[in-house]
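Read off the chains here:
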Amino acid sequence: MQDQKIKPSFCTKRVCLGESLPLETPFTIMADISDVCNFRCSYCFRGMGQKHKYYGKNKLMSEETFRQVVNQAMEFEGRIKRFSLSHQGEPLAHPKFAEFAAFAKERNVAESVEIHTNGSLLNRELCRKIVDSKLDRMIISLQGLNARKYRQVCGVTLDYEEFYANLQYLYQIKKDTLICVKVVDAALEEGEEQLFYEKFAPVADRVYVETVVPLWGEQGESAVHSKTKTNNKFGREHGWQRTCPLMFYTINVLADGTIFPCTNIEPPFVLGNVHQVSLRECWESARRRQFLKAQLEESRGSHPICRTCYIPQNTIMTKDDMTDGFEETILEKMEKQWHL
């Protein structure tokens, strides 16, 4: 039973991205309801002195803004595949998180409504609210297997036994919510991988040990400039990606409603704000379309921010996620459909 649960958290039901582009409807909308985080993990930009690059303003999304995002997501021709209530912050830090999740589910905004959380703010009341919200997927990232490791990696004091008991309770009462628990290899001591699986497989639907990849700072820039084969966070090796797949299927909304074309902590540009322009208008805007065109014609080196971004390397889960090799076909379709 334990071995059957050892699998990555991403959805394996995928389409060939290169053959599907351009999209009338984004696959993913990210609504970063909280860009507040209660951790300062040593491998994250917050703990590496990179906070100055982050576009977040340490805010919580208002109910008005969240409803705008959900309602605007419903304006696309097709249905969103994945609607996430998290990005760079901790979604459980938002006091209305469960209500927001319930609203997104009631509106049937996407095939999957989900979050990515450190889980440290869970308690029994919140667990029951999460179950009642009918959240589809919950990815919980661990930072170690004991309180000492959390102090070392995140700089926080955590009652680890209570934390585990809350996860156990959530798993016991949950219904259709898929619970994925993962940990990065850097947060484990030598020989702890099997202990992780033994301890957390009984309280999750999926468990996995991920690999820390150089997303931030000098390590990330060094990896980008080397342009060699790399591993993603699931330990899968693939070649250097000339074009960024993420921007072709994702739109990202910050807590104040600001809209970006990707999820880099230092975004290439702003598309607008949900209080002045709709998500669909931004998605179909000439500025975004010209940005995608430049990516295909000149590679991601055509933009100074994209040039030093490692995220495209980390978003390739399978070969179906790659846009490399499809550039000419995508351009032809874009020019025909968009009259570029």
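Criteria and cut-off values
Residues numbered from 1 in each chain as written. Predicted model: local features only at pLDDT ≥ 70, side-chain atom pairs only at ≥ 80, totals over all residues. Heavy atoms only, no water. Pairing = 2+ DSSP bridges. Helix = DSSP H or I, 4+ residues; strand = E, 2+ residues; numbered from the N terminus. Contact = heavy atoms within 4.5 Å. Axes fitted to C-alpha atoms, helices over the stretch in contact; angles between N-to-C directions. Parallel < 35°, antiparallel > 145°, perpendicular 65-115°, else oblique. Left-handed = near helix turned anticlockwise from the far one by under 90°. Nonpolar A, V, L, I, M, F, W, Y, C, P; charged D, E, K, R; others polar. Right-handed = clockwise from strand over helix to strand, strands pointing away.

Draft legend 1. Inspection of the sheet that holds strand 11 (residues 272–273) at higher detail. Read from one edge of the open sheet, nine strands run 6-5-4-3-2-1-9-10-11, paired in mixed fashion. The sheet is open, and its two edges are formed by strand 6 (206–210) and strand 11, each paired on a single side. Sheet topology note: the strand 1 (residues 28–31)/strand 9 (residues 250–253) ladder contains four bridges and is parallel. Counterpart to Ile-29 in the pairing with strand 9 is Ile-251. Of the strands in this sheet, strand 4 (137–142) and strand 5 (178–184) are in contact with helix 7 (residues 160–173), which crosses strand 4 at around 160°.

Draft legend 2. Molecular detail of the packing of helix 12 (residues 286–298) against helix 15 (residues 327–338). With their axes 9 Å apart at the nearest point, helix 12 and helix 15 run at an angle of 155° to one another. Classified by the angle between their axes, helix 12 and helix 15 sit roughly antiparallel to one another. When you trace helix 12 past helix 15, the crossing you get is left-handed. Residues Arg-289, Leu-292, Lys-293, Leu-296 and Glu-297 of helix 12 form the contact with helix 15, whose participating residues are Glu-327, Ile-330, Leu-331, Met-334, Glu-335 and Trp-338. Looking at the contact of helix 12 with helix 15 residue by residue, the class counts come to six nonpolar, no polar and five charged.

Draft legend 3. Spatial organisation of the pairing of strand 2 (residues 80–84). Taken together, the three bridges between strand 1 and strand 2 define a ladder with parallel strand orientation. Its bridge partner being in strand 2, Thr-28 is matched across the sheet by Arg-82. Traced from strand 2 through helix 4 (residues 97–106) to strand 3 (residues 110–117), the parallel crossover comes out right-handed.

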